[in-house]
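Okay, here's what each chain looks like letter by letter:
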Amino acid sequence: MKLRILGTAAGGGLPQWNCACSGCARARATGPHAWRTQECLAVSVSPDAWYLVNASPDIRAQILAAPGLTPPTGTRHTPLRGVLLTDGELDHTAGLLALREGAALDLYAPPAVLAALGGPFPLRALLAPYGSGCWHAVGAGPLPLDGGRLTVTAVPVSDKRPRYAAGFDAPGPWVVAYRFDDTVTGGAVVYAPSLARWPDGLDGALSGVGCLILDGTFWSEDEMGRGSALAMGHLPVDGPGGTLRRLRALDGVRSLYTHLNNTNPLADPSSAERAALGGGPVEVSSDGMEIEL
Ligand SMILES: [Zn+2]
C-alpha cells in the first residue's frame, strides 16, 4: 500500500491568509517549502487507482504536486477513483467543487454527512448537474475499493457537526476515522485526522496496523484559550488526556501527527515541543511525505 500525505494543516493552512501570529509569520518568512496545505491523504494499492481522504480547497495544487496522480501521457484520464470524507467540515469537503469536471468519482461519507451535504451545505445538488460523483454511505462493515484489492472500514469518532449544520438533526456518527487494508500484502493504516476523543473502537481498529496518522491540531488544551481544544473537537497532543501518551504506548506502530493548526508549535521543526518528541516512533507529518506499507 502506498500513502502520500498531500496536506497536513488544519482549516486555513499554514500560514493562514489573514494571520501573522508567530507560527504564520515564521512560515511566511521561511518560504513555501515551510508551508502546509490543508489536510488530505492519498491511498493506493495499484498504480491506476488512488483514493483521497478529504478534499480541501487546496486540492488542485495537491494533485498537481503528486506524481502518482498525474494523468497518463496523452490522455484525459485521472488515476483518482474516489474520495472518502471523514466528516462534513468545509475544509474537508469544499475541494469536491474543484473535482467536478471529467472524472466520475466514487464519494463516500457517513450517512449524517451525506444528509448534511444534501441539506444545509447542498454540495450534492450543486455537483449533480456535472455528473461527476456517485455517493455512497459508509456504514459499520468493511467496504471493498479498487476491485477488492483494498478495503476500508469506518471507525466512529464523534457527533461533532460542522458549524453550518448546528441546527441540523441527523443520527451520528458525524466524524469517523478510516482503516485501510491491502488485501494482498496485509499492509494496513488508520487515518484519524479529527479526534474529539479517543473512540471506543480505535484500539481494536489499530490491531495489526503499521501506521497511524492522527489529529495533531493542537499541542495543548489551552492553546487557543482556556479549554479550547476539546471544545473545538480535537484531543490535544500533550497533557494527561493527550494523544502522545497513548501513541508512546503503542507497540510497533509508526505514528504521525497531521491536521496541525497554525498555533501548534509542532509545526515548527526547531521548536522545543518538536524536540521533545525525540527520534521515536511518533513523528510530525509534512506535505508530500510518502509511506509504503
Ligand atoms: Zn497565524
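Parameters at a glance
- Residues numbered from 1 in each chain as written.
- Predicted model: local features only at pLDDT ≥ 70, side-chain atom pairs only at ≥ 80, totals over all residues.
- Heavy atoms only, no water.
- UniProt positions renumbered as here; feature names shortened; annotations may be inferred.
- Helix = DSSP H or I, 4+ residues; strand = E, 2+ residues; numbered from the N terminus.
- Rg over C-alpha atoms; globule rule 2.2 N^0.38 Å.
- Buried < 20%, exposed > 50% of the residue type's maximum accessible area, 1.4 Å probe, protein only.
- Contact = heavy atoms within 4.5 Å.
- Areas by Shrake-Rupley, 256 points an atom, 1.4 Å probe, with all protein chains shown as cover.
- Lys, Arg positive; Asp, Glu negative; His and termini not counted.
- Charge placed at Lys NZ, Arg CZ, Asp CG, Glu CD.
- Pairing = 2+ DSSP bridges.
- Donors = N, O, S within 2.8 Å, 3.2 Å for Na, K, Ca; no water.
- Tetrahedral: all angles 85-135°; square planar, octahedral: opposite > 155°, others 65-115°.
- Axes fitted to C-alpha atoms, helices over the stretch in contact; angles between N-to-C directions.
- Salt bridge = Lys/Arg side-chain N within 4 Å of Asp/Glu carboxyl O.
- Phe/Tyr/Trp six-rings, centres within 6.5 Å; stacked < 30°, edge-to-face > 60°.
- Lys NZ or Arg CZ within 6 Å of the ring centre and 35° of its normal.
- Disulfide = S-S within 2.5 Å.

With an unreviewed UniProt entry as reference, the protein chain is termed Coenzyme PQQ synthesis protein B, source organism Streptomyces abikoensis. As recorded by UniProt, the Pathway (unreviewed entry) comment attached to the protein chain reads in full: "Cofactor biosynthesis; pyrroloquinoline quinone biosynthesis." Annotation of the protein chain in UniProt includes, under Function (unreviewed entry), the sentence "May be involved in the transport of PQQ or its precursor to the periplasm."

(A) Geometry of the overall build of the protein chain. Helix and strand counts for the protein chain stand at nine helices and 14 strands. Taking 293 residues into account, the globule formula puts the C-alpha radius of gyration at 19 Å, and the protein chain, at 18 Å, falls close to it. With the C-alpha coordinates aligned to their principal axes, the bounding extent of the protein chain is approximately 50 × 45 × 40 Å. Counting every position in the protein chain, which comprises 293 residues, the buried fraction comes to 52%. In the protein chain, once contacts between residues fewer than 6 apart in sequence are set aside, the share between residues at least 24 apart is 66%. By element, 56% of the accessible surface of the protein chain is carried by carbon and sulfur atoms, the whole surface being about 12,400 Å². Across the protein chain, 22 positive and 27 negative side-chain charges occur, with their mean positions spaced 3 Å apart.

(B) Structural detail: the pairing of strand β9 (residues 175-182). Extensive coverage of β9 is indicated by the burial of eight of its eight residues. On β9, burial covers both faces: V175, A177, R179 and D181 on one face and V176, Y178, F180 and D182 on the other are all buried. Examined bridge by bridge, strand β8 (residues 150-158) and β9 share eight bridges and lie antiparallel to one another. Each bridged residue has a counterpart across the sheet, and for T151 the counterpart in β9 is D181. Pairing geometry for β9 and strand β10 (residues 188-192), over four bridges, is antiparallel. Note that in β10 the partner of D181 across the bridge is A188. Linking two consecutive strands that pair antiparallel, namely β9 and β10, is a turn of five residues; a positive phi of about 85 degrees is found at G186 within it.

(C) Geometry of the coordination of the zinc ion. Within the first shell, the zinc ion binds the protein through C19 (SG), C21 (SG), C24 (SG) and N262 (ND2), at distances of 2.2 to 2.5 Å. Each of the four donor atoms around the zinc ion contributes to a set of angles spanning 91 to 121 degrees, which defines the coordination as tetrahedral. Spacing between the donor residues of the zinc ion along the chain follows C-x1-C-x2-C-x237-N.

(D) Expanded view of the sheet that holds strand β7 (residues 143-145). Ordered in space as β7-β8-β9-β10-β11-β12-β13, the seven strands form an open sheet in which the pairing is mixed. With partners counted over all chains shown, the strands left at the sheet margins are β7 and β13 (282-284), one partner each. The sheet shows a mean angle of 25 degrees between the axes of neighbouring strands, taken without regard to direction. Sheet topology note: the strand β11 (residues 211-215)/strand β12 (residues 254-258) ladder contains five bridges and is parallel.

(E) Geometry of the pattern of salt bridges. In this structure the tally under the stated criterion is eight salt bridges. Taken together, the shared-partner salt bridges connect D48, R81 and D146 into one network.

(F) The packing of aromatic side chains, seen in detail. Here the structure, examined in full by the defined rule, presents three aromatic pairs. With centroids separated by 6.3 Å and ring planes inclined at 45 degrees, the aromatic side chains of Y178 and F180 adopt a geometry described as tilted. The buried category is assigned to Y178, whose relative accessible area is 0%. If you follow R100 out to its NZ or CZ, it ends over the ring of Y130, 5.6 Å from the centre.

(G) Layout of the state of the cysteines. If you walk through the whole model with that rule in mind, you get zero disulfides. C211 provides the cysteine sulfur closest to C40, a residue in no disulfide bond, and the two sulfurs are 15 Å apart. C134 takes part in no disulfide bond, and the closest cysteine sulfur to it belongs to C40, at a distance of 20 Å. The partly exposed category is assigned to C134, whose relative accessible area is 39%.

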